[in-house]
Amino acid sequence: MRVKDNPLEQLNDKSLCASLVEEINRCLSRPVRIMEVCGSHTMAIFRHGLRALLPEGLTLVSGPGCPVCVTSPGQIDSFIELAKMPGVILATFGDLYRVPGSDGSLTQAAAQGAVIKIVYSPMEALSLARNEADKMVVFAGIGFETTTPVVAATIMTAAREKMNNFTVFSAHKLMPPALKALFQEDLSVDGLLCPGHVSAIIGTKPYEPLSTEFHLPCVVAGFEAVDILQALLMLVRQSEKSRAVVENAYSRVVKPEGNPQALTIMKQVFSPEDCQWRGLGQIPASGLRIRPQYDKFNAAVRLSVKVRDVAEPPGCLCGEVLKGLTSPTHCPLFAKRCTPMRPVGPCMVSSEGTCAAFYKFQ
Amino acid sequence: MCLAVPMRVIEVKNGDNDDLLPPTALVELEGLSQEVRLDIIDRLPEVDDFVIVHAGFAIHAMSAAEARENIDLMRQMAEGLT
């Protein structure tokens with residue numbers, strides 16, 4: 001087999017990491033708090049051990065960027081209700097499987113006889129529907145702008161194939177409206193590490209209102225150690241100069257205009273609607289519903305399922321954690337009543353949840 | 001959830017509108033290969049480009065030169081040059 005030059009291997013260069021850390025140290029003259037919005041960043045920061053490398057004055061707090069964690073308990077209950085319906089197969093990403101709703105989780109529903117399949121792609125759910133013609137396959141639609149075009153393309157494929165037994169229950173969410181709602185409150189955050197793969201779709205422009213209205217430095221970052229360190233350096237430099245602009249440290253993947261093809265497909269299938277976020281409450285035009293012309297593929301319409309208002313579990317501080325207002329270790333349930341094996345809140349369940357990351361790495 | 005990985009393109013397979021087949025690509029990473037859909041990619045990749053793969057779909061194509069440009073900028077920043 002041919003061995004090819006792979007420029008991406010240079011991203012593992014430890015000396016480059018060391019030089020970036022040194023430059024951050026040199027530039028930082030006062031304490032700075034940076035919020036990483038994306039759950040994949042939270043995990044990457046722990047996995048690369050970056051907290052231990054950074055100077056004391058640079059604090060990282062996590063934000064609301066884990067889709068499972070911000071899915072409301074009412075939406076979780078709807079997924080469970082769908083899974084329990086006779087003749088339904090619920091296809092879901094694995095992250096959702098153990099998240100508790102108001103009365104149990106999908107895991108418990110499966111133990112009671114519900115048919116639930118874990119899939120890596122919505123296209124696998126569509127294949128399942130092709131093979132199980134007498135069943136209704138419902139795909140649990142969660143995720144931000146990275147995932148939504150993928151689900152939209154799958155719905156369009158199902159429409160082209162005139163499928164009758166494939167539907168999606170959409171709990172998809174949009175990142176920019178949530179960030180705008182989040183920063184209405186003073187979070188004492190000096191800069192935002194913006195999500196790399198959401199930005200690959202939406203581009204860098206949607207962050208401009210945040211930088212101008214809230215004087216918030218915003219830098220889009222990739223997921224390797226050097227990507228994150230470069231972005232942190234850019235944020236520190238902006239903060240030191242009291243600047244607040246949008247910059248892109250992930251230019252190999254993120255373009256200013258994003259991915260117009262993916263945005264077109266997403267907008268063809270989904271339209272914005274008001275949506276309940278766990279911890280953040282109701283946010284205008286922050287959720288996505290399936291457009292009426294695709295009603296045939298909308299599980300909420302086909303199977304008449306409505307999302308109910310459900311209270312958050314008592315004592316759980318996931319809401320505060322999602323806003324960066326508290327650390328998981330300050331939650332009275334953390335590592336006591338709430339563990340990855342017996343989670344109370346979603347931030348302890350998802351592989352990208354902040355509480356799960358603290359439990360695993362600290 | 002927004003996890004996506006860069007994979008090298010080995011082969012691009014054009015779709016067939018009559019048969020409802022979308023374009024796909026055969027991609028590889030560390031010896032593992034898989035077929036990915038190209039419905040939502042920003043541009044059709046060429047062989048030896050990299051694509052960012054999320055949930056079975058390529059969401060972005062980049063050439064080796066684009067990847068190098070980004071890494072060169074990091075080196076300059078690390079040396080305090082930019």
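Residues numbered from 1 in each chain as written. Chains lettered and ligands numbered in written order. Predicted model: local features only at pLDDT ≥ 70, side-chain atom pairs only at ≥ 80, totals over all residues. Heavy atoms only, no water.

**Student:** Would you mind going over the interface of chain A and chain B with me for this structure?
**Tutor:** For interface size, the figure often reported is the accessible area lost on association. Listed per partner, the contact involves 55 residues of chain A and 38 residues of chain B. Surface buried jointly by chain A and chain B totals about 4,100 Å² across both partners, of which 62% is contributed by carbon and sulfur atoms. Taken as a group, Pro 7, Tyr 120 and Arg 252 of chain A account for 13% of the area that chain A buries against chain B, more than any other trio of residues on that side. Run the count over chain A and chain B and you get two salt bridges. Where chain A touches chain B, the interface holds 13 residue pairs in polar contact (both at pLDDT 80 or more). Secondary structure elements with two or more residues in the side of chain A that touches chain B: helix 1 (14–27), helix 7 (122–131), helix 8 (148–160), helix 10 (196–202), helix 12 (225–240) and helix 13 (260–269) of chain A. For the side of chain A that touches chain B, a count of residues per class yields 27 nonpolar, 15 polar and 13 charged. (Contact = heavy atoms within 4.5 Å. Buried area = accessible area lost by both parts, 1.4 Å probe. Salt bridge = Lys/Arg side-chain N within 4 Å of Asp/Glu carboxyl O. Polar contact = N/O pair within 3.5 Å; in protein donor to acceptor, adjacent residues only side chain to side chain. Helix = DSSP H or I, 4+ residues; strand = E, 2+ residues; numbered from the N terminus. Nonpolar A, V, L, I, M, F, W, Y, C, P; charged D, E, K, R; others polar.)

**Student:** Hey, could you run me through the sheet that holds strand 9 (residues 246–248) of chain A in this one?
**Tutor:** Across a sheet, paired strands are connected by hydrogen bonds in the backbone, their directions being either parallel or antiparallel. All names here are of chain A. Read across the sheet, five strands follow the order 2-1-7-8-9 without closing on themselves; strand pairing throughout is parallel. Of all strands in the sheet, those with a lone pairing partner are strand 2 (58–65) and strand 9, marking the two edges. Shown here is a sheet whose adjacent strand axes are inclined to one another by a mean of 25°, direction ignored. Pairing between strand 7 (residues 191–194) and strand 8 (residues 218–220): three bridges, direction parallel. Opposite Cys 194, over in strand 8, you have Val 220 as the bridge partner. (Pairing = 2+ DSSP bridges. Axes fitted to C-alpha atoms, helices over the stretch in contact; angles between N-to-C directions.)

**Student:** Mind showing me how you'd approach the packing of helix 12 of chain A against helix 1 (residues 64–78) of chain B here?
**Tutor:** A packed helix pair is summarised by two numbers, namely the angle formed by the two axes and the spacing between the axes. In the contact formed by helix 12 of chain A and helix 1 of chain B, the axes pass within 11 Å of each other and the chain directions differ by 50°. Taken together, the axis directions place helix 12 of chain A and helix 1 of chain B in an arrangement best described as oblique. At the point where helix 12 of chain A passes helix 1 of chain B, the crossing takes the left-handed sense. Contacts between helix 12 of chain A and helix 1 of chain B pair Val 226, Asp 227, Gln 230, Leu 233, Met 234 and Arg 237 of chain A from the former with Asn 70, Leu 73, Met 74 and Met 77 of chain B from the latter. (Parallel < 35°, antiparallel > 145°, perpendicular 65-115°, else oblique. Left-handed = near helix turned anticlockwise from the far one by under 90°.)

**Student:** Sorry, what's going on with the side chain of Gln 238 of chain A here?
**Tutor:** Residue and element names in this part refer to chain A. Here Gln 238 shows up in helix 12. Residue class for Gln 238 comes out buried when judged on its relative accessible area of 2%. In this structure the side chain of Gln 238 is engaged in a polar contact, spanning 2.8 Å, whose partner is the side chain of Glu 247. Non-local contacts of Gln 238, meaning those with residues more than four positions away in its chain, are made with Pro 217, Cys 218, Val 219, Arg 243, Ala 244, Val 245 and Glu 247. (Buried < 20%, exposed > 50% of the residue type's maximum accessible area, 1.4 Å probe, protein only.)

**Student:** Whenever I open this one, the state of the cysteines confuses me. Can you help?
**Tutor:** Among covalent bonds in proteins, the disulfide is the one between the sulfur atoms of two cysteines. Residues and elements named next belong to chain A. Taken as a whole, this structure holds one disulfide over all chains when the rule is applied. Between the sulfur of Cys 66 and that of Cys 69 lies a disulfide, 2.4 Å long from S to S. As the torsion about the S-S bond is roughly 70°, the Cys 66-Cys 69 disulfide counts as right-handed. Cys 66 sits in the buried class, given a relative accessible area of 3%. In this structure Cys 69 comes out as buried when scored by relative accessible area, which is 1%. Here Cys 331 is not cross-linked by a disulfide; its sulfur's nearest cysteine counterpart is in Cys 316, at 5.9 Å. The class for Cys 331 is buried, based on a relative accessible area of 11%. (Disulfide = S-S within 2.5 Å.)

**Student:** Whenever I open this one, the nonpolar core confuses me. Can you help?
**Tutor:** Ile 155, Phe 166, Leu 192 and Leu 232 of chain A are the most contacted members of the largest nonpolar core, which totals 152 residues. Element by element, the count of residues in this core is highest for helix 12 of chain A, at ten residues. Those residues within four positions of Leu 192 of chain A in sequence are excluded, and the remaining contacts are Met 35, Val 37, Leu 179, Phe 183, Leu 210, Leu 216, Pro 217, Cys 218, Val 219 and Leu 235 of chain A. Core analysis: the next-biggest nonpolar cluster, separate from the first, contains eleven residues, Met 7, Val 27, Leu 38 and Ala 61 of chain B among them. (Core = buried A, V, L, I, M, F, W, Y, C linked by side-chain atoms within 4.5 Å.)

**Student:** Hey, could you run me through the sheet that holds strand 5 (residues 136–141) of chain A in this one?
**Tutor:** Residue and element names in this part refer to chain A. Spatially, 4-3-5-6 is the arrangement adopted by the four strands of the open sheet, whose pairing is parallel. Two strands lie at the open edges of the sheet, namely strand 4 (115–118) and strand 6 (166–170), each paired on one side alone. Shown here is a sheet whose adjacent strand axes are inclined to one another by a mean of 25°, direction ignored. Sitting on the sheet, helix 7 touches strand 3 (88–92), strand 4, strand 5 and strand 6, and the angle it makes with strand 5 is about 170°. Here helix 8 sits on the sheet in contact with strand 5 and strand 6, set at roughly 150° to strand 6.

**Student:** I keep staring at the pattern of salt bridges and nothing clicks. Help me out?
**Tutor:** Charged atoms that come close allow side chains of opposite charge to pair. Under the definition given, this model contains 15 salt bridges over all chains. A salt bridge links Asp 227 of chain A to Arg 252 of chain A, with the nearest nitrogen and oxygen atoms 2.8 Å apart. A residue pair is termed long-range when its members are at least 10 positions apart, and Asp 227 of chain A in helix 12 and Arg 252 of chain A in the loop between strand 9 and helix 13 qualify at 25 residues. Residue classification places Asp 227 of chain A among the buried positions, given a relative accessible area of 0%. Between Arg 43 of chain B and Glu 66 of chain B there is a salt bridge, and its shortest N-O distance comes to 3.8 Å. Note that Arg 43 of chain B is positioned in the loop between strand 3 (32–37) and strand 4 (50–54) and Glu 66 of chain B in helix 1, a separation of 23 residues in sequence. You can call Arg 43 of chain B partly exposed: its relative accessible area is 32%. Judged by relative accessible area, which is 25%, Glu 66 of chain B ranks as partly exposed. Through salt bridges that share partners, Lys 255 of chain A together with Arg 43, Asp 49 and Glu 66 of chain B make up one connected network.

**Student:** Even after reading the chapter, I still don't get the confidence of the model for chain B, so can you show me in this structure?
**Tutor:** Regions with low pLDDT should not have their predicted coordinates read in detail. All names here are of chain B. Considering every residue of chain B, the mean pLDDT works out to 88; 94% of them sit at 70 or more. Model confidence for chain B, summarised as mean pLDDT per element, is weakest for helix 1 at 83 and strongest for strand 5 (residues 57–62) at 97. Predicted as a complex, the structure gets a pTM of 0.94 and an ipTM equal to 0.91. (pLDDT = per-residue confidence, 0-100.)

**Student:** Sorry, what's going on with unusual backbone geometry here?
**Tutor:** Outside of glycine, negative phi angles account for most residues, and trans bonds account for most peptide bonds. Residue and element names in this part refer to chain A. With a phi angle near 50°, Ser 188 is a residue other than glycine that sits in the positive phi range. Structurally, Ser 188 is set in the loop between helix 9 (175–182) and strand 7. Positive phi outside glycine occurs at Ser 304, with the angle close to 50°. Here Ser 304 is to be found in the loop between helix 14 (299–302) and helix 15 (318–322).

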